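Reading the structure
What follows is the residue order along each chain.
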Amino acid sequence: MAEDPNTKDYASTCTFKQIGLYKVGEEDKPYVNLIGMAMTMQYHEDIFWPSYGATITVVDNQENIISTMPIEGFEKVVVEVEKDHIPYEYKFRVWSVGNRIGMDRKQVYTLALISEEGLIN
């Protein structure tokens, strides 16, 4: 039976399993899981860009990662998602921390991520 051509896959049909943030040099286990702190994630590719990237907006009111880790760049971020019981894994590196705002014992900032191939290129 042919599939219905009107049925479309949307990003909302994926389930996030983990957004692991690793310290530089300590990449055997994640320092923190950003699942409860990540408010938005935008994944992007471009035919004119030799890699893929993403941005994650983090509301950090639990861990104070900026101070305790700290995030300085080149930290590894592994995003694990699942769709139709099929796991997918995307590996990134932090190349920028922007839009940082601190207020009321919490910090909001955006992690700019790029694939490892993008950093090497």
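Computed from a prediction, not measured in an experiment: that's the story for all the values here.

The subject of this paragraph is the packing of aromatic side chains. Two numbers describe a pair of aromatic rings. These are the distance of the centres and the angle of the planes. Taken as a whole and judged by the stated rule, the model has four aromatic pairs. The interplanar angle of 35° and the centroid separation of 5.8 Å between the aromatic rings of Tyr-43 and Tyr-52 together place this pair among those described as tilted. Here the aromatic rings of Tyr-43 and Phe-92 are separated by 6.5 Å at their centres, their planes lie at 70°, and the arrangement is edge-to-face. Pair noted here: Tyr-43 is in strand β3 (residues 38-45) and Phe-92 is in strand β6 (residues 86-103), with a separation of 49 residues, a long-range link. With relative accessibility at 37%, the residue Tyr-43 sits in the partly exposed group. Cluster of aromatic residues (ring-pair linked, three or more members): Tyr-43, Tyr-52, Tyr-90 and Phe-92. The ring of Tyr-22 carries the charged tip of Lys-76 above its face, separated from the ring centre by 5.3 Å. Between Arg-93 and the ring centre of Phe-74, over which it is positioned, the NZ or CZ distance is 4.3 Å.

The next thing to look at is the pairing of strand β5 (residues 76-83). For β5, a buried count of six out of eight residues is recorded, marking the element as mostly surrounded by other parts of the structure. One ladder, built from seven bridges, connects strand β1 (residues 15-22) with β5; its direction is antiparallel. Among the inter-strand pairings, Gly-20 is bridged to a residue of β5, identified as Val-78. Pairing geometry for β5 and β6, over eight bridges, is antiparallel. Of the residues in β6, the one forming a bridge with Val-77 is Phe-92. Between the end of β5 and the start of β6, which pair antiparallel, lie two residues, with Asp-84 showing a positive phi angle near 55°.

This next bit is on the sheet that holds β6. If you walk across this open sheet you meet the seven strands as β2-β1-β5-β6-β7-β4-β3, and the pairing is antiparallel. Single-partner strands in this sheet number two, and they are β2 (32-33) and β3. Alignment of β1 against β2, held across two bridges, turns out to be antiparallel. Bridge pairing in β2 links Gly-20 to Asn-33.

The next subject is the environment of Ser-51. In this fold, Ser-51 is placed in the loop between β3 and β4 (52-60). Residue Ser-51 is classed as buried on the basis of its relative accessible area, which comes to 10%. Linking Ser-51 and Ser-115, residues 64 residues apart in sequence, is a C-alpha distance of 6.1 Å. When sequence neighbours within four positions are dropped, the list of residues in contact with Ser-51 reads Ile-114, Ser-115 and Gly-118.

Reading guide: rules and limits
- Counting starts from 1 at the beginning of each chain's written sequence and moves along it residue by residue.
- Where totals are concerned, whole chains, interfaces and linings use all residues; where local detail is concerned, this predicted model gives features only for residues with pLDDT of at least 70, and gives and counts side-chain atom pairs only at 80 or more.
- Heavy atoms from the whole structure form the basis of all side-chain values; hydrogens and water molecules are not counted.
- Stacked, tilted and edge-to-face pairs are distinguished by plane angle, under 30 degrees for stacked and over 60 for edge-to-face with tilted covering the rest, among Phe, Tyr and Trp rings (Trp via its six-membered ring) whose centres lie within 6.5 Å.
- Here a strand is any run of E in DSSP of at least two residues, a helix any run of H or I of at least four, and the numbering for each starts at the N terminus.
- A 1.4 Å probe rolled over the protein chains alone gives each residue an accessible area, and that area as a share of the maximum for its type sets the label: buried under 20%, exposed over 50%, partly exposed in between.
- Any Lys NZ or Arg CZ that is within 6 Å of a ring centre and within 35 degrees of that ring's normal is treated as a charge sitting over the ring.
- DSSP calls a pair of strands paired once it identifies at least 2 bridges connecting them.
- Whether two residues touch is decided by their heavy atoms; if any such pair falls within 4.5 Å, the residues are in contact.

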